[in-house]
Structures are given as structure tokens and as C-alpha cells.
Amino acid sequence: MKQVYMCFSTDILHSGHLRLIKKAAALGELTVGVLTDEAIATYKRYPLIPLAERLEMFADIKGVERVVVQDTLSYQTVLRKLRPDIVVHGDDWHTGYQANIRREVLDTLKEWGGELVEFPYTHSATEDTISELDQLLNLPESRRSRLKKLMSYKPCLSVMEAHNGLTGLIVENTRVETPEGVRQFDAMWVSSLCDSTAKGKPDIELVDMTSRIKTLEEIMEVTTKPIILDGDTGGLTEHFVFNIRTLERIGISAVIIEDKKGLKKNSLFGTAVRQTQDSIENFCEKIRAGKDALKTRDFMIFARCESLILEAGMEDALERCFAYVKAGADGIMIHSKRKEPDEVFEFCRRFREVERDTPLIVVPTTYNTVTEEQFAKAGVNIVIHANHMIRSAFPAMQRCAETILRNGRSHEADELCMPIKQILTLIKDT
Ligand code: SPV
Ligand code: MG
């Protein structure tokens, strides 16, 4: 009897899948590979049904002899292990990122003379319903816990700034194909700088928590990816404990609070403006009070250290961060405004000598020649691109405004603008 292999990433079965399974089972003894949550999350949405349940689901289908876990998008490892005579797939993977995977399957099968059988892929109306089910991913319980899950899957997460519904949609939906596969952002950063700037206000904790939460709600309404909030200093501890519960309840995954006090100014001013660092004792007390106020284990408080920004030195940064971890911080964000990454790398190395697992976060706005891959090697777990949606939008909008003023009409600005047809259909369900 011929050995047949198929792999599935779907968590909701429809008649198209069942027909394909029936055809595959008719060719021989069918093994179904089930992709791990981790592998699925790297290229499309996070699965609604976890791996263990999906394994059971496929095992119960008539014609499926056995199920195995496939833990990468690439079939190579699993195929070399099983050496099937036939691999079955729908004929919808000739283009895009899947084309590389298909080519690799063909090359691997050649090693033992196996063959690829492709059946016509049939779109099912159920798939439209499934994409509506994606909305379940934005329920607070589901979204809140997903940052922690993603951190357990991936050594380093890529996080992008969003400051309203539209930028949230861009972070949610932007995908690029690279030779290594599809890339997308893992989560969103709701920056105090960008949230304030979008409202035409300075980044000095003037935009209050009620307004910050309105921004969060706007983003959350149209997206599903987890959110890290820039919580500035966290304010008074007595206020922080209330605010943090609100954030946890609405489905935010983490807040980052910085160890400054008094009138906060943006860190990228460095020592050019007066900024005061809080005492280790006070800041640890704030972290402890925040942790005590939480109701779930999913929500995280990350402590942000400003010692390097304020030129208080590496020893001060390390002493503080070790204390913050002891006080219960779920991770450390080390901030720097140097052009070179040296001090951040030194911090990571020395921090990791003591704290092997505590998540480390960096915000490489100034030292941005370093890639996420290089940060991952240095032990960093989250890279935040903190302000790039608003910084790219502003010059584009200003150029358009100037072009219209200069010409007394908008014709010359057309090339700077998205076509009307596209803006009309940019938002789904318009
Ligand atoms: C923000 O994005 O608001 C931050 C990061 O706090 S930074 O602007 O670099 O201080
Ligand atoms: Mg900020």
C-alpha cells in the first residue's frame, strides 16, 4: 500500500478539505501532518483551535490513518522521516511564499522517487465564515494571553507602533514575502509619543489615561494582534493600580512603565531637558502594587530603565533592573538614545549573565542599523519599532498639503495620493 502525506494548517474544516482527504486516502495509507500553532502564527492568524485539539479533529476523519505534528512550514524534516510515496496538496500553492515550499517538497521527494499529486483547490463559502471567526481573536481573553504565548514560541518578537484604527490595520495586515517565508508584525505598541503627537499634544503625560484608552479601543475594535501600551511613568501608584486593572480587563497584554518621576519628557531628549529618575525603592513599590492589583497571569508589567538615557551609567542600569525583576517585573525594557548599539549590547550581555529568562525589550529608534535577528542573538525578546507609522505619515501629508497650496489645485498632488477607487475600498465592508 502506498504511503500518502498531506499537511493542514486549518483549524476549521469544510467540505473542500474533506473532499481532498477522501481523494488522498484513495491513493493509499494517509498520514495527516498538523502544523503547530507556532508555525501557523508565523505566517497567518493565530489558530483559534490549539494543536492538541486539531490533532484529535484530524485523527477522527474517515480515511486518515494517523496524524503527526509538522512543526515548520517546510515539509523537509517530516518528509525525510516518513519518506511517503505521495504528497497531496491543493493546486493553489504555485505562487507566492508557498511556491518555495512546493519546490522544496518536489526536491525532497526526488531523494526517494516520491511524487506530488495536486488536486484542484476549491474555494468554499465556509472560508468566508471562517475569516469572520477571526474576529474571535479580538475578544479580551483571547488577545490578552497571546503576547505571552507568542513569546514562548518565538525567540524575538517584532512589534510596530500604531496610534489609531487605520495604523492598527496596517500593523495587523502588512505581510511581506522573503526567501525565509512570510513576515508580519507580532504585536502593536501604542506609544505615548505617537498617541500624543497624533492629537497635536506634547509627550508629557498630558494625554490622560481616559484618552489613551479611547485610542486603544479604537485600535482594538478593528484588529486582533496583541497590544503593549506605553504607560509612561505609570503615574501615582494609587492611580496605577486602577488603570492597570482597566487595561487588563479590556484585553491589553502588557504595559511598560518607566522609572522617571515628576514632569516626564520624551526620552529621546536625553539630558537636554530636565528629567528625574525615580528611586529604586519607589519604582519597585509601584511594580509590586501593580502586580498585586492584577487578576490574571496573562497581563505583564515591563519595567523600563532610563539610566542610560539619563547618563547614570551601566552599573546603575543593571542594579536597577535586577531590583525591578526582584520586585516582580515581567520583563525589562532597556532604553538608549545612542547612535551605536554598544551600550545596549553590553547591557544585554551583563543582564543575561544573571537573568537568563526574564524578557528583554529594546526600542532601537537611534541605533536602528541592527536587525531583529542580531538583537535575538544578543538575548533580546521584543524589538519595538516605536514611532514609524507617524513619522512616515507626517512628511507624506505635509508634502501633499504644500503641493496643493503651491499650485492652487490638487491635480499635482494626485501622484502623492492613493487613487479614489482604492480609498473607497480600503476598509473592508465599506
Ligand atoms: C514612545 O514611543 O512614546 C516611547 C519610546 O516612550 S521613546 O519615544 O523612544 O521614548
Ligand atoms: Mg513614551
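Not measured: the values here are computed from a predicted model. (Residues numbered from 1 in each chain as written. Chains lettered and ligands numbered in written order. Predicted model: local features only at pLDDT ≥ 70, side-chain atom pairs only at ≥ 80, totals over all residues. Heavy atoms only, no water.)

This part takes up the coordination of the magnesium ion (ligand 2). Surrounding the magnesium ion (ligand 2) are the protein donor atoms S192 (OG) and D230 (OD), which sit 2.0 to 2.1 Å from the metal. One end of the pair, S192, is in helix 9 (residues 192-198); the other, D230, is in strand 10 (residues 227-230), and 38 residues separate them in sequence. For the pair S192 and D230, one class covers both residues: buried. (Donors = N, O, S within 2.8 Å, 3.2 Å for Na, K, Ca; no water. Helix = DSSP H or I, 4+ residues; strand = E, 2+ residues; numbered from the N terminus. Buried < 20%, exposed > 50% of the residue type's maximum accessible area, 1.4 Å probe, protein only.)

On to the sheet that holds strand 5 (residues 115-119), then. The parallel open sheet is built from five strands, whose spatial order is 3-2-1-4-5. At either end of the open sheet lies a strand with only one pairing partner, and these are strand 3 (64-70) and strand 5. Pairs of neighbouring strands in the sheet enclose a mean axial angle of 30°, with direction left out of account. In this fold helix 3 (residues 51-59) packs onto strand 1 (3-8), strand 2 (29-35) and strand 3, with an angle of close to 160° to the strand it touches most, strand 3. Seen against the sheet, helix 5 (residues 97-110) touches strand 4 (86-90) and strand 5 and runs at an angle of roughly 140° to strand 5. (Pairing = 2+ DSSP bridges. Axes fitted to C-alpha atoms, helices over the stretch in contact; angles between N-to-C directions. Contact = heavy atoms within 4.5 Å.)

Before going further, it helps to examine the packing of helix 8 (residues 165-173) against helix 10 (residues 209-222). To characterise two packed helices, one gives the angle between the axes of the helices and the distance between these axes. Relative to each other, helix 8 and helix 10 sit at 45°, their axes nearing to 8 Å. Looking at the two axes, helix 8 sits oblique to helix 10. The interaxial crossing formed by helix 8 with helix 10 has right-handed handedness. Counted together, G165, G168 and L169 of helix 8 and E218, I219 and V222 of helix 10 form the full contact between these two elements. Taken together, the residues that form the contact of helix 8 with helix 10 break down as three nonpolar, two polar and one charged. (Parallel < 35°, antiparallel > 145°, perpendicular 65-115°, else oblique. Left-handed = near helix turned anticlockwise from the far one by under 90°. Nonpolar A, V, L, I, M, F, W, Y, C, P; charged D, E, K, R; others polar.)

Considered domain by domain, the protein chain is made up of domain 1 (3-130), domain 2 (139-386) and domain 3 (392-426). Counting residues at the interface gives eleven residues for domain 1, matched by ten residues for domain 2. Note on domain 1 versus domain 2: buried area summed over both sides is about 960 Å², and carbon and sulfur give 56% of it. The interface formed by domain 1 and domain 2 includes zero salt bridges. Taken together, the connections running from domain 1 to domain 2 amount to three residue pairs in polar contact (both at pLDDT 80 or more). (Domains from an automatic or database assignment. Buried area = accessible area lost by both parts, 1.4 Å probe. Salt bridge = Lys/Arg side-chain N within 4 Å of Asp/Glu carboxyl O. Polar contact = N/O pair within 3.5 Å; in protein donor to acceptor, adjacent residues only side chain to side chain.)

Moving on: the sheet that holds strand 9 (residues 187-190). Pairing is parallel around the closed barrel formed by eight strands, whose spatial order is 6-9-10-11-14-15-16-17. Across this sheet, the average inter-strand angle for adjacent strands is 25°, counted without regard to direction. Direction of pairing for strand 11 (residues 254-258) relative to strand 14 (residues 300-305): parallel, over a ladder of five bridges. Residue V255 lies in a different strand from strand 14, and its bridge partner there is I301. Against the sheet, helix 12 (residues 280-293) engages strand 11 and strand 14, with an angle of about 170° to strand 14.

With that settled, the discussion passes to the environment of G28. Mapping G28 onto the fold places it in the loop between helix 1 (15-25) and strand 2. Note: C-alpha distance between G28 and Q3 (25 residues apart in sequence) is 5.6 Å.

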